[in-house]
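# Secondary and tertiary structure notes
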Amino acid sequence: MLRSSLLAAGLAVTLSGCGGGEAKSPEKAEAPAVEAVRVTTGGELAEIEATGRIARRREMDLSFRVPGVMTSLRAEQGDLVRAGQVLATLDPTGVAAAEQRASAELERARRDLARDQALFEQGFVSRQRLDDRRSALKAAQAGHSAAAFDRRWATLVSPVSGVVLERSAQSGEVVQPGQTVLRVADERSPLVLWAPVPDRDAGRIRPGSPAVVQLDGAAALTGRVVRVGERAGARTGAVEVEIELVGAGPEVRSGQIARARIASAPQASAGPAFNRLPAEAIVEAQGRTAAVLVVDQASKARRRTVTFAGFDGDYALVSGLPTGAQVITAGAGFVSDGEAVRVVDPSRLTPQRSAAR
């Protein structure tokens, strides 16, 4: 808008002249000043921008396998933990009773099998009954093993050495099987940025592509794409891209939000390649088509219809223009098709504006 205002002011000064002289006749009026950019090769965007969350590659939710009352919780958010460290425990009464009950069932199954084995040898019971006793013993053994396994899971132990990212329960609460108590990150796994990318851009990202990752108030980090998701999200339609951070210091932490600029490959398709033009170059747009003004060899503005793919920030994505074409940007709204124009450097408009004052 500012550049358009400057051009309008420059045009007004050009038509009115400087000092107190007479206004020039229409035949001698100077051509209006405009800015223009040249269409370059390169087709698709060289970079794709995305915003996501930094995390350790290995982050896990810790929970109990059995329900119960959590009697102790020995870790808080931000604590460093080591592999094998006890982090929380349940009241052992319930799991101990279940193990005793399983032990009693196992002992009874063994007695029943021993008794029927003796009777079978004397011919008093059938082989089918003996087989049933053996099956019952196997079931009792399995139940006893499951009860012993549950008893071990009444204690929550850290599987990795790392840091506690989140605590979502308190000591004294009744927790259910699978309910997250702590979230732990493995400090030995690399930091990665999980960034959702629109599905139309994901096809141009390849594993191994370089990326620049920027956090607010911190120096830019180097990244490398290690994985591109195989499917888009059901709600967002975006594809998750995993970017591994190289040389990240201790100031980079899991949970931080960062922006990434990912180098992209040319799109492998037979469709048109899109160029980036400043948004003000678009004179008119409707659906998939738009109009721009191109400066021809006679320095006249010529209206051209192009394929329009939408906006990317302050830029418009268009195709159908030859390489090297001069497209009018600032000032396009003040000239018409076939009108002579004068392409100028924007810095030259400043003195004209000052003179108008």
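Above this note sits the structure.
Our subject in this report is the structure included herewith. All of these numbers come straight from a predicted model, not from anything done at the bench.

A count of helical and extended segments in the protein chain gives five helices and 23 strands. The burial tally for the protein chain puts 36% of its 357 residues in the buried class. Considering only residue pairs separated by 6 or more positions, the protein chain has 72% of its internal contacts joining residues 24 or more positions apart. Just so you have it, the protein chain exposes about 20500 Å², and 50% of that area is on carbon and sulfur atoms.

Let us now look at the pattern of salt bridges. Here the structure, examined in full by the defined rule, presents 20 salt bridges. With a shortest N-O distance of 2.7 Å, Glu99 and Arg151 are connected by a salt bridge. Of this pair, Glu99 sits in helix H2 (residues 93-121) while Arg151 sits in helix H3 (residues 127-152), and the two are 52 residues apart along the sequence. Its relative accessible area of 17% is what places Glu99 among the buried residues. Here Arg151 falls in the partly exposed class, since its relative accessible area comes to 41%. Asp112 serves as the salt-bridge partner of Arg115, at 3.1 Å between the closest nitrogen and oxygen. Of this pair, Arg115 and Asp112 both sit in helix H2, three residues apart, which is roughly one turn of the helix. For Arg115, a relative accessible area of 41% gives the class partly exposed.

Counting through the fold element by element, Ala118 comes out in helix H2. Residues Ala118 and Leu130, twelve residues apart in the sequence, show an inter-C-alpha distance of 9.9 Å.

Here we come to the pairing of strand S14 (residues 221-228). Bridge count for strand S13 (residues 210-214) against S14 is four bridges, and the pairing is antiparallel. Across the sheet, Pro210 pairs through a bridge with Arg224, a residue of S14. The turn joining S13 and S14, which pair antiparallel and follow one another in sequence, is formed by six residues; a positive phi near 75° is taken by Gly217. In the sheet, S14 pairs with strand S15 (residues 238-246) via six bridges, with the strands oriented antiparallel. Counterpart to Arg224 in the pairing with S15 is Glu244.

With that settled, consider the environment of Val34. Within the secondary structure, Val34 sits in strand S1 (residues 33-34). Given the relative accessible area of 0%, Val34 is considered buried. Along the chain, Val34 and Val341 lie 307 residues apart, while their C-alpha atoms are 6.8 Å from each other.

Right, let's get into the nonpolar core. The biggest cluster of nonpolar side chains holds 23 residues, and the ones touching the most others in it are Ile54, Leu193, Ile205, Val213, Val241, Ile243 and Ile262. If you list the elements that add at least two residues to this core, you get strand S3 (47-56), strand S12 (191-198), S13, S14, S15 and strand S16 (257-263). Counting 21 residues, the second largest nonpolar core, distinct from the first, contains Phe64, Leu156, Ala169 and Val175.

To continue, consider the sheet that holds strand S9 (residues 162-167). The antiparallel open sheet is built from four strands, whose spatial order is S4-S11-S9-S6. Unpaired on one side and paired on the other, strand S4 (59-63) and strand S6 (80-81) mark the two borders of the sheet. Looking at chain direction, S4 and strand S11 (residues 180-186) are connected through five bridges and run antiparallel. Residue pairing in the sheet places Leu62 in a bridge with Leu182 of S11.

Put simply, the second largest pocket is a space of about 230 Å³. Along the walls of the second largest pocket sit Arg56, Leu80, Val163, Leu165, Ala185, Asp186, Glu187, Leu191, Pro250, Val252, Arg253 and Ser254, which together make up its complete lining. Those elements that provide at least two residues to the lining of the second largest pocket are S9 and S11. Classifying every residue of the lining of the second largest pocket gives seven nonpolar, one polar and four charged.

For the rest of this paragraph, the subject is the environment of Arg231. Residue position: Arg231 is located in the loop between S14 and S15. For Arg231, a relative accessible area of 71% puts it in the exposed group. It is 9.9 Å that separates the C-alpha atoms of Arg231 and Ala202, two residues lying 29 residues apart in sequence. Residues contacting Arg231, with those up to four places away along its chain left out, are Ala238 and Val239.

For the α-helix, the turn length of 3.6 residues means that residues three or four positions removed from each other point alike. With 29 residues, H2 should reach 42 Å at 1.5 Å per residue; the first-to-last C-alpha distance of 43 Å fits that figure. Taken together, the buried positions of H2 are occupied by Val95, Glu99, Ala102, Leu106, Ala109, Asp112, Leu113 and Asp116. On its buried face, H2 sits against H3. Taken from the residues just after H2, Gly123 is the one with a positive phi, measuring 85°.

Here is what the cut-offs are and how they apply
- Here the residue index of a chain counts from 1 through its sequence in written order.
- Where local features are concerned, this predicted model is filtered to residues with pLDDT of at least 70; where side-chain atom pairs are given and counted, the filter is 80 or more; whole-chain, interface and lining totals use all residues.
- In computing side-chain values, all of the structure's heavy atoms are included and hydrogens and water are not.
- Numbering goes from the N terminus for both helices and strands, where a helix is a DSSP run of H or I of at least four residues and a strand is a run of E of at least two.
- Burial classification: accessible surface area is computed with a 1.4 Å probe over protein chains only, and a residue below 20% of its type maximum counts as buried, one above 50% as exposed, and the rest as partly exposed.
- Working rule for contacts: check all heavy atoms of both residues, and any pair within 4.5 Å makes them a contact.
- Computed by Shrake-Rupley with a 1.4 Å probe, the accessible areas treat only the displayed protein chains as cover when residues are assessed.
- For salt bridges, the criterion is a side-chain nitrogen of Lys or Arg within 4 Å of an Asp or Glu carboxyl oxygen.
- Strand pairing is defined by DSSP finding a minimum of two bridges between the two strands.
- Here, the term nonpolar core denotes a set of buried Ala, Val, Leu, Ile, Met, Phe, Trp, Tyr and Cys residues that are joined through side-chain atoms within 4.5 Å.
- Only protein atoms enter the 1 Å grid used here. Points where a 1.4 Å probe fits but cannot escape make up a cavity, open sets with protein on both sides within 12 Å along at least five of seven lines make up a pocket, and a residue lines them when an atom lies within 4 Å of a point.
- Grid points are joined across faces, edges and corners, and a volume is the space filled by probe spheres set on the points.
- We call Asp, Glu, Lys and Arg charged. Ala, Val, Leu, Ile, Met, Phe, Trp, Tyr, Cys and Pro are nonpolar, and the rest, Gly among them, are polar.
- Helix span is expected to be 1.5 Å times the residue number reduced by one.

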